[in-house]
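The chain contents come next:
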Amino acid sequence: MWGGRFAAGPDAIMEAINASIGFDKRLAKQDIDGSRAHAAMLAAQGILTDSDAEAIREGLLTVLSEIEGGTFQFSTALEDIHMNVESRLKEIVGEPAGRLHTARSRNDQVATDFKLWVREQMDAAIAGLTALMQALIGQAEAGADWVMPGFTHLQTAQPVTWGHHMMAYVEMFARDRSRFEDARKRMNECPLGAAALAGTSFPIDRHATATALGFDRPSANSLDAVSDRDFALEYLSTATICAMHLSRFAEELVIWSSAQFRFVTLSDRFSTGSSIMPQKKNPDAAELIRAKIGRILGANVALLTVMKGLPLAYSKDMQEDKEQVFDAADNLALALAAMEGMVRDMTANVANLEAAAGSGFSTATDLADWLVRVLDMPFRDAHHVTGALVKLAEDKGCDLPDLSLDDMHSVNGQITADVYQVLGVHNSVASRMSYGGTAPAQVRAQITRWKETLA
Ligand code: ARG
C-alpha cells in the first residue's frame, strides 16, 4: 500500500509486532459499513463517479459475504482489516477499488470502525442489563414479603424482605444501564472525514456519512477525532463498575448457596459437580462472574495506561485498544447473561430465610424503638435496656421473643406484653414503611415503579 517510498519489505518481526489482523478482523462488518457510506458520499459529492461508487459498494458486499462465510483469506502481510478488505476489493472490482481511500485515512477509518463496534456493545450491555433487571424484578415480585436477615458487616442486623434485597440490585444495575446510555450519547459523533489528522481538501460531506452510520453528528475537531479513545475508556470504566456489581451479587449467591446458609438453591443448569466428591454441587457460574471484574478492570487500566502521555494525533500505540475492549465486552456479555439465567432459575428457601431472619436478635432495634414509642424513653436509654435484654437472652441461650415477661421485667418493670408484637420478623419488616424501606408495601411500590419504567 506504500511501496512507492520503500525499497525493502518489513522484517518478519516487524510484521509480527505491527499486524493487527489477528484481532481487528472482528471489525470487518463495521469497516465495510463505513466504506460503503464513504463511497456513497464521495459519489454524491461528485468526487467519485456513480459507476465507480456502485462497483465499490457491491464489491464490498461480496467481501463481507466471503468474510462471514469463512472463505476469506486473511493476510498478515496486509497488516489490518482495512487493508485486507481493500486488497480483496481490488481483486474483485479492479481499478475503482483504488479510489475508495480518497479523502480518508486509516486513522479516521479505524476510529469510525471501532466506535461503531463499541456502540453496539453499549447497546448489548443495555439490553443485557435490562433482562437482568427483569429477572430480579420477577424474584422480587415472588418474594415481596418473604423475610430474611439483613446484614451489616455480614452480621445479622435487621430483618428485611427478599424482594427488597432483589430490588437493591435492580437499582445498581439501573445505574450501570444509565451510565452506558449516557456514554453512548456522548460518543455518538462520527470521526470519518477527519482523514489522517487535518481534514481533507476534497469537498466531502461529513454530515452525510455521520447520518448514514447512525451518528448524531460529525466530530467537531479532526485532531481530536482521530486521537480520541474516550468512548472505549468510558465503555471499559462503565463495564468495570457493572462487573463490580455483578461480583458483589455473585459473592452473595456463593454464600447463600452454601450448606451453612442454604438461603437459595441454584439450578442444576447453572451449577457443576465435582470429579471426586459425589455430593458436591458447586456455584461455578457465580464464582466466574465474581472473577470477571479482574480482566475487565485490567482492560480498563491497560487502555488508560496506553493512552496516557500520547501526543496528538494518532499514534500506533492506539492499536493496542482493541484486544482489551474485545475481551472485556465478551466477558461482560457472558457474565450478564449467566447472572440473568442464574437469577431466573434460582429458588429461595423461604423457610430457611425466615428462620435465619428471626435469629441473631435481629429485632433488637424494633424493641428499642418500642421502648421509645410506647414508654417515651430517650433512644440512648432504650438502646441500653435492649442491650441488657439481648445479653439476658444470650445467657439463657434463647432469642428475644423467647424471653418471658418476667425476664423482661428483671431489666425494666414497665415493659408490657404488647412488646412481643414488634419482636416478630413479619411485624418488624411491615413497620419499615419509610420511603424506600423494606416493608412489603414499599417493595411493591418499588416494583411497580420499575415495571412502569421498563415497560
Ligand atoms: N491497525 C491500525 C490501528 O488499529 C489502523 C490505523 C493505522 N494507521 C496508521 N497510520 N498506521 O490503529
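For the structure itself, consult the block above.
So, here is what we can say about the structure in this document. Given the structure is predicted, the values throughout are model-derived calculations rather than measurements.

### With respect to helix H6 (residues 106–142)
Logical step 1: Helix length check: H6 (37 residues) gives 54 Å between terminal C-alpha atoms against 54 Å at 1.5 Å per residue, within 8%.
Logical step 2: Of all 37 residues in H6, 28 are buried; the element is thus mostly enclosed.
Logical step 3: Its side-chain oxygen 2.8 Å from the backbone nitrogen of Asn107, Ser105 forms the N-cap of H6.

### Considerations on the packing of aromatic side chains
Logical step 1: In the structure shown here, the tally under the stated rule is 12 aromatic pairs.
Logical step 2: A centroid spacing of 5.7 Å and a plane angle of 70° characterise the contact between Phe114 and Phe231, whose relative ring orientation is edge-to-face. Here Phe231 lies in helix H10 (residues 230–256) and Phe114 lies in helix H6, a separation of 117 residues in the sequence. Both residues of the pair, Phe114 and Phe231, belong to the buried class.
Logical step 3: Here a set of aromatic residues connected by ring pairs shows up, and it is made of Trp146, Phe151, Trp162, Trp256, Phe261 and Phe263.
Logical step 4: The side chain of Lys322 reaches across the aromatic face of Phe114, ending 5.7 Å from its centre.

### What about unusual backbone geometry?
Logical step 1: The linkage connecting Leu312 with the following residue, Ala313, adopts the cis geometry, with an omega of 0°.
Logical step 2: Here Ala313 is to be found in the loop between helix H11 (284–307) and helix H12 (321–345).
Logical step 3: We note that Asp376 has phi near 60°; this positive angle belongs to a residue other than glycine.
Logical step 4: Within the secondary structure layout, Asp376 lies in the loop between helix H14 (364–375) and helix H15 (379–396).
Logical step 5: In this structure Asp376 comes out as exposed when scored by relative accessible area, which is 68%.

Parameters and conventions
- Residues numbered from 1 in each chain as written.
- Predicted model: local features only at pLDDT ≥ 70, side-chain atom pairs only at ≥ 80, totals over all residues.
- Heavy atoms only, no water.
- Helix = DSSP H or I, 4+ residues; strand = E, 2+ residues; numbered from the N terminus.
- Expected span 1.5 Å × (residues − 1).
- Buried < 20%, exposed > 50% of the residue type's maximum accessible area, 1.4 Å probe, protein only.
- Polar contact = N/O pair within 3.5 Å; in protein donor to acceptor, adjacent residues only side chain to side chain.
- Phe/Tyr/Trp six-rings, centres within 6.5 Å; stacked < 30°, edge-to-face > 60°.
- Lys NZ or Arg CZ within 6 Å of the ring centre and 35° of its normal.

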